[in-house]
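Observations on the three-dimensional arrangement
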Amino acid sequence: MSRDRLNEEQLANALAELPEWTRTGDAITRTAETASFPTAIKVVDAVAEQAEALDHHPDIDIRWRTLTFLLTTHSAGGLTSLDITLAHLIDRALDAAA
Ligand SMILES: C[C@H](O)[C@H](O)[C@H]1CNC2=NC(N)=NC(=O)C2=N1
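Residues numbered from 1 in each chain as written. Predicted model: local features only at pLDDT ≥ 70, side-chain atom pairs only at ≥ 80, totals over all residues.

Remarks on the sheet that holds strand S1 (residues 22–24)
- The four strands lie next to each other as S1-S2-S4-S3, forming an open sheet whose pairing is antiparallel. Strands at the two margins of the open sheet, each flanked by one partner only, are S1 and strand S3 (59–63). Averaged over all adjacent pairs, the angle separating strand axes in this sheet is 25°, with direction ignored. (Pairing = 2+ DSSP bridges. Helix = DSSP H or I, 4+ residues; strand = E, 2+ residues; numbered from the N terminus. Axes fitted to C-alpha atoms, helices over the stretch in contact; angles between N-to-C directions.)

What follows is the structure, given as structure tokens:
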């Protein structure tokens, strides 16, 4: 999968499929409240496994049962298709825990 930065048009198209995500400059973020702290940790564990498989890692903020994920591709200095792929996987992990 490409680690090239997405252009504005590619990014707009990709973000149209990710309504829960907010663009903040060169990153996208999603905050989600889970049912409990153990559920939040299970989501983080599932995401960690997928991030390893993808060799692409989110910044994760854990506050009791609220998780914030921040995605960017450090090596590219911006957003790439890896961030879009990981965002969809995180959406799926959150849905599965709901
Ligand atoms: C060598 C390895 O591919 C790199 O260090 C990877 C690991 N995970 C990564 N994760 C993220 N979010 N950005 C990167 O640039 C990155 N680089």
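Here we look at the confidence of the model for the chain
- Predicted confidence across the chain gives a mean pLDDT of 97, with 100% of residues reaching 70 or more.
- This complex was scored by the predictor with a pTM of 0.95 and an ipTM of 0.91. (pLDDT = per-residue confidence, 0-100.)

With respect to the nonpolar core
- The biggest cluster of nonpolar side chains holds 17 residues, and the ones touching the most others in it are Ile-28, Val-43, Leu-71, Leu-86, Ala-87, Ile-90 and Ala-93.
- When residues of this core are traced back to their parent elements, those giving at least two are helix H2 (37–54), strand S4 (66–71) and helix H3 (81–97).
- Of the residues forming this core, the biggest block, seven residues, is contributed by H3.
- The contact partners of Leu-86, leaving out residues within four places of it in the chain, are Ala-51, Leu-54, His-56, Pro-58 and Leu-71. (Core = buried A, V, L, I, M, F, W, Y, C linked by C-beta atoms within 7 Å. Buried ≥ 20, exposed ≤ 12 C-beta atoms within 10 Å, placed from the backbone. Contact = placed C-beta atoms within 7 Å.)

Regarding H2
- Taking 1.5 Å of rise per residue, the 18 residues of H2 would be expected to cover 26 Å, and the 26 Å separating its terminal C-alpha atoms lies within 8% of that figure.
- The complete set of buried residues in H2 reads Ala-40, Val-43 and Val-47. Down the axis, H2 shows its buried residues gathered within 60° of arc, on one side only. The outward face of H2, more than 90 degrees from its buried face, is lined by the exposed residues Pro-38, Asp-45, Glu-49, Glu-52 and Ala-53.
- Asp-55 sits one or two positions beyond H2 and adopts a positive phi of about 55°. (Expected span 1.5 Å × (residues − 1). Arc of directions from axis to C-beta.)

Thoughts on unusual backbone geometry
- One non-glycine residue, Asp-55, adopts positive backbone phi at about 55°.
- Structurally, the position occupied by Asp-55 is in the loop between H2 and S3.
- The exposed category is assigned to Asp-55, around which 9 C-beta atoms lie within 10 Å.
- One non-glycine residue with positive phi stands out, namely Trp-64, at about 50°.
- Here Trp-64 shows up in the loop between S3 and S4.
- When the 10 C-beta atoms within 10 Å are taken as the criterion, Trp-64 is described as exposed.

Points about the site of the ligand
- Inspection of the region around the ligand gives Asp-55, His-56, His-57, Thr-73, His-74 and Ser-75 as its neighbouring residues.
- Of the residues contributing to the shell around the ligand, the split by class is no nonpolar, five polar and one charged. (Near = placed C-beta within 6 Å. Nonpolar A, V, L, I, M, F, W, Y, C, P; charged D, E, K, R; others polar.)

Overview of the environment of Leu-18
- By the secondary structure assignment, Leu-18 is in the loop between helix H1 (8–16) and S1.
- Along the backbone, Leu-18 and Asp-91 are 73 residues apart, and their C-alpha atoms lie at a distance of 8.5 Å.

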